[in-house]
Amino acid sequence: MTFRQLAYHNVFRNRRSYAAFFLASVVSVMVFFVYSMFIFHPLFEEDGLQVLAVRGMFIAEVVLYIFTLFFLFYSMSAFLQARSKEFGILMHLGMTKKQLNKLIFFETMILGSVSTVAGIAFGFAFSKFFFMIGREIMELESLPLYVSWQPFALTIGAFASLFIIISVISVAFIRTKGILDLLQGYWKVDEITNASRWLSFLGFLLLGISYVLASVVTDETVYTMVLIIPPLATLGTYLFFTHSVHSLLNFYKRRKGVYWHKTRLVSLAEASVKLKDSAQMFFIVTIVSTVAFLTVGTLASFMSYTGDYRESNPLGLVYISFDGNSKELQHIEGLTAELEEKELAYDLVPLVVKRQTSTFTGNDVDIIRMSEFNRLAAALGFEPAYPDRGEALFIPYSKESLKELGKSQVQTELMESGVELSIDQVYPHILFPVHTVNFNSIVVNDLDYAAIDEPLQGYADGESTFTYYAFDIPSWEETVAIGSDLTAQIERAVEQEDFSGLNFFFENPGEDYRWFKSSFAILLFIGVMVAAVFLLAAGSFIYFKLYTGLERDRKQYLLLVRLGMTEKELGRIVNRQLIPQFFLPWVVALLHSTFAFISLQVVWDEFAELSILGEMILVLTGFTIAQVLYFYLIRWRYIAHLQAS
Amino acid sequence: MALFRRRKLGFIFQDFNLLQMLTVEENLVLPLTLDYVPVNDMATRVLELAKRLDLTPILHKRPNEISGGEAQRTAIGRALIHKPAIILADEPTGNLDSKASKDVLDLLSRVSANEGATIVMVTHDPIAASYCDRVLFIKDGEFFNEIYGDERRQTFYQRILNVLSLLGGNVNDLSATRLP
């Protein structure tokens, strides 16, 4: 056996302890490699969506790299600590510190190269699959598999450097104070837990403060709070696991009536030792899970935005022609020709809109005639509106306005023409995209409409009316690139902030929608994969803790069985031990995320009125189900290993 | 210090301290591995040693598959393989039954006689002590008495017991040194 073989045996015969850790590294390499395959894809062009995808994936790669570095470093040093007895024996036999470092370096490099190779192999095997998803999301004609040295070089380079860094630093963390210390091993740390009362209180206090702050965030304070709450909550979480939990347990233990009761004595005593030992692990798992929840949750809330977008933009295309627009006919003909060329069915409803001043608010109002409005409503499949003479309906511009306008009742007079109107209803559907309609828009009876004969105050006759061309296109998502020259003109004007000489407005909600939807889907796709790596890593911490303690637990259970503990009681003790390990960090992370989402809702409210509650519940439930399954899997293996003795 | 340990000392422990990941054979060659001895040399030495210690049938087993006596013989083999000048043994028979203890002690005697290694052994067991050439008695951490062995182990054993009763009965530490 050579020195290298020794390192090799150490890794491969310890594979059960390395399993979860190895799995997390492989998945991390795999995701990294898949991103690299996208980034270096020869068919990717300088197109908006693809640039976004490449940038997003690049950032995700950086995040993955940093995260994997920390994850591996933490796992490695915990692992080395758990093996201190083994190192003690080796040093007793005369291993020098230099040789020990070399051994650990070899071991890390073996682990690193195996997981890099496996990760790349899986990544390459599944990249066709990921390309298919990517092609669907980015709506590309094709995204073929390709072979190039670049993704391989990037991945190998990144992870080789990562594992070298890990092996160099983790070596520095082995405590080699004395061979005897090492020989006594890892579990020497089971001292009686001494939690500081003051720090436990501080832990609760900090968590409480951050929750309160998170729930009272308003849109003005949100940006300062983003800087304040996360550090508070992080520190609070740390103190909670290192001190508060123990104070609670000690409090519980002091009530002997409760404590000295059947299996509780064993399980509580065990729990307090384990909790102390795992406090840092719990802290890390909580933070990592919270970040994963928030990533997926935030991206999922983007998706709810796209769902909402369809409802508030039922029109396929909007063209508004103002006074003095000489190209009106030419533009409309151009648009219809483009639609026909693409063989898209459409319904064009022109609406002549009159502008007047309302005496009630003093603002100007856009007025649409009932007959024209109902033609559009019929085209969209909505019910018609029939305001009588002297009556009118509000036209909502968003879901929120639909609710508010429904409550308001207005008696007003159109100042210029002297038409009196009572408005006490709102049309129950959103017809017009929010930027294309005045916030004060109403539908009136055709007779009232005809009675409006004076122009808006301070404007000429032509200036106080405009024509709104509403295109209803059932397959509205297919309108990509229709009217692209008009879009370009609008964009140019927006960029230069100069709207003079632009006598029309054009909007293509279908195209916007496709863009939103695809870019959010890309971000979600990227985010879910990163979050999956995070959660796997969190899971592997727990797995690792269980396995390093397994040998010791087995001896203890053997003892308990000899003392006359039944199998059922054993199951109960295992549950009591595993449940906190699995679900304590989980519950704290869920709480953190819930409060973070409360704040996020405020941010959303500010620029798009929608509720993310549904998405959040979906995301959190999904994660919880995954965790419960993981729990049962590990519990099954754990009991099997315990009873193997 | 590490080099000194590696080349001049051999250690035997009560709880064997074999590495669980390695087979018996690998545990045996471990000290040589640390010294980068050529593989062929290691292989010949292992085979020779295994024959002497009667470990040949279990060379490819892992420590959790073998008995306590076998494990201790492996540990002794590991302590011997690099031909140390001194072997330090901490309660080598503490975890073994009387048959295995006898095997181990006979083995140690032979090693001391044939290889010329000094063995320093700490034990509670008067029988184990009776295998030694010189016995130092330590009571509660303080030196108490010392006796030298004679031709017959049985009589030496009786003398050790006599000293022990002088020491005051109960549990006593026996520190024994065997000189070649």
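Our structure is the block above this text.
All values derive from a computational prediction rather than experimental measurement.

Enquirer: Let's hear about the nonpolar core: which residues, and what values?
Expert: Residue and element names in this part refer to chain A. With 176 residues, the main nonpolar core has Tyr 35 and Phe 38 as its most contacted residues. At 23 residues, helix α17 (residues 509–562) tops the list of elements feeding residues into this core. Each of domain 1 (1–186) and domain 2 (198–314 + 512–645) accounts for three or more of the residues forming this core. Here Phe 38 is in contact with Phe 44, Met 57, Phe 130, Phe 131, Gly 134, Met 138, Leu 143 and Phe 525, once residues within four sequence places are set aside. The next biggest cluster of nonpolar side chains, apart from the first, holds 23 residues, and it includes Val 353, Phe 432, Val 437 and Phe 466.

Enquirer: Let's hear about the packing of aromatic side chains: which residues, and what values?
Expert: Residues and elements named next belong to chain A. The tally for this structure, following the rule as stated, stands at 34 aromatic pairs over all chains. By the ring-pair criterion, three or more aromatic residues cluster together here, those being Phe 38, Phe 129, Phe 130, Phe 131, Tyr 146 and Phe 525. A cation sits over an aromatic face here: Lys 354 above Tyr 449, 4.4 Å from the ring centre. Here Arg 355 stacks its cationic end above the ring of Tyr 459, 5.5 Å away from the centre of that ring.

Enquirer: Tell me what's going on with the pairing of strand β5 (residues 142–148) of chain B, and back it up with residues and numbers.
Expert: All names here are of chain B. In this sheet, β5 lies alongside strand β4 (residues 134–139) in antiparallel orientation, the contact comprising six bridges. In the sheet register, Phe 137 faces β5, and the bridge partner there is Asn 145. Remark: two residues form the turn of the hairpin made by β4 and β5, two consecutive strands paired antiparallel; Asp 140 in that turn has positive phi of roughly 45°.

Enquirer: Describe the pattern of salt bridges, listing the residues and the values that go with them.
Expert: Where charged atoms of side chains with opposite charge meet at close range, the side chains can pair. Residues and elements named next belong to chain A. Counted by the stated rule, this structure contains nine salt bridges over all chains. Put simply, Arg 369 and Glu 372 hold a salt bridge, and the shortest N to O gap is 3.4 Å. On the accessibility criterion, Glu 372 (14% relative accessible area) is buried.

Enquirer: How would you summarise helix α19 (residues 613–643) of chain A if you had to cite specific residues and measurements?
Expert: Here α19 of chain A contains 31 residues, and its C-alpha end-to-end distance of 45 Å stays within 8% of the 45 Å for a straight helix at 1.5 Å per residue. Turning to α19 of chain A, its buried residues are Met 616, Val 619, Leu 620, Phe 623, Gln 627, Phe 631, Ile 634, Arg 635, Tyr 638, Ile 639, His 641 and Leu 642 of chain A.

Enquirer: Any chance you could break down helix α6 (residues 149–172) of chain A for me, citing the residues and the numbers?
Expert: All names here are of chain A. With 24 residues, α6 should cover 34 Å at 1.5 Å per step; its first-to-last C-alpha distance of 35 Å lies within 8% of that length. Taken residue by residue, α6 has Pro 151, Thr 155, Ala 158, Phe 159, Leu 162, Phe 163, Ile 166, Ser 167, Ser 170 and Val 171 as its buried positions. Between a side-chain oxygen at the N-terminus of α6 and the backbone nitrogen of Gln 150 the separation is 3.1 Å; the capping residue is Ser 148.

Enquirer: For the interface of chain B and chain A, give the residues involved together with the corresponding values.
Expert: By a frequent convention, interface size equals the accessible area lost on bringing the separate parts together. Contacts between chain B and chain A engage 23 residues on the former and 22 residues on the latter. Taking both partners together, chain B and chain A bury about 2100 Å²; carbon and sulfur atoms supply 65% of that area. Considering only the surface of chain B that becomes buried against chain A, Met 21, Leu 34 and Tyr 36 of chain B emerge as the three largest contributors, covering 27% of it. Scanning the region where chain B abuts chain A turns up zero salt bridges. Taken together, chain B and chain A are joined by four residue pairs in polar contact (both at pLDDT 80 or more). Counting only elements with at least two residues in the side of chain B that touches chain A, the list comes to α1 (2–8), α2 (24–34) and α3 (39–53) of chain B. Per-element accounting of the side of chain B that touches chain A gives the leading share, five residues, to α2 of chain B. Class assignment of the residues belonging to the side of chain B that touches chain A gives a composition of 14 nonpolar, three polar and six charged.

What counts and what doesn't
Starting afresh in each chain, residues are numbered from 1 along the sequence in its written order. Starting at A for chains and at 1 for ligands, labels are handed out in the order in which the entities are written. For this predicted model, a pLDDT threshold of at least 70 governs which residues receive local features, and a threshold of 80 or more governs which side-chain atom pairs are given and counted, while totals over whole chains, interfaces and linings are taken from all residues. Only hydrogens and water are removed before side-chain values are computed, so all heavy atoms of the structure are retained for them. Here, nonpolar core refers to any group of buried Ala, Val, Leu, Ile, Met, Phe, Trp, Tyr and Cys residues whose side-chain atoms link them within 4.5 Å. To sort residues, take the accessible area from a 1.4 Å probe on protein chains only and compare it with the maximum for the residue type: under 20% means buried, over 50% means exposed, and anything in between is partly exposed. Note on conventions: DSSP H or I runs of at least 4 residues are helices, E runs of at least 2 residues are strands, and numbering of each starts at the N terminus. Domain delimitation in this document rests on an assignment produced automatically or drawn from a domain database. Any two residues whose heavy atoms approach within 4.5 Å at even a single point are treated as in contact. Working definition: a ring pair exists when centres of Phe, Tyr or Trp rings (six-membered ring for Trp) sit within 6.5 Å. Plane angles under 30 degrees give stacked, over 60 give edge-to-face, the rest tilted. To sit over a ring, a charge needs its Lys NZ or Arg CZ within 6 Å of the ring centre and within 35 degrees of the ring normal. What makes two strands pair is DSSP finding at least two bridges between them. Any Lys or Arg side-chain nitrogen found within 4 Å of a carboxyl oxygen on Asp or Glu counts as a salt bridge. Between the first and last residue of a helix there are one fewer steps than residues, each counted as 1.5 Å, and that sum is the expected span. As used in this structure description, the phrase polar contact means that two N or O atoms lie within 3.5 Å; if the pair is within protein, one of them must be able to donate a hydrogen and the other to accept it, and residues adjacent in sequence are counted only when both atoms belong to side chains. The term buried area refers to how much accessible surface (probe radius 1.4 Å) is lost by two components on association, counted for both of them together. Three categories are distinguished: nonpolar for Ala, Val, Leu, Ile, Met, Phe, Trp, Tyr, Cys and Pro, charged for Asp, Glu, Lys and Arg, and polar for the others, with Gly belonging to the last.

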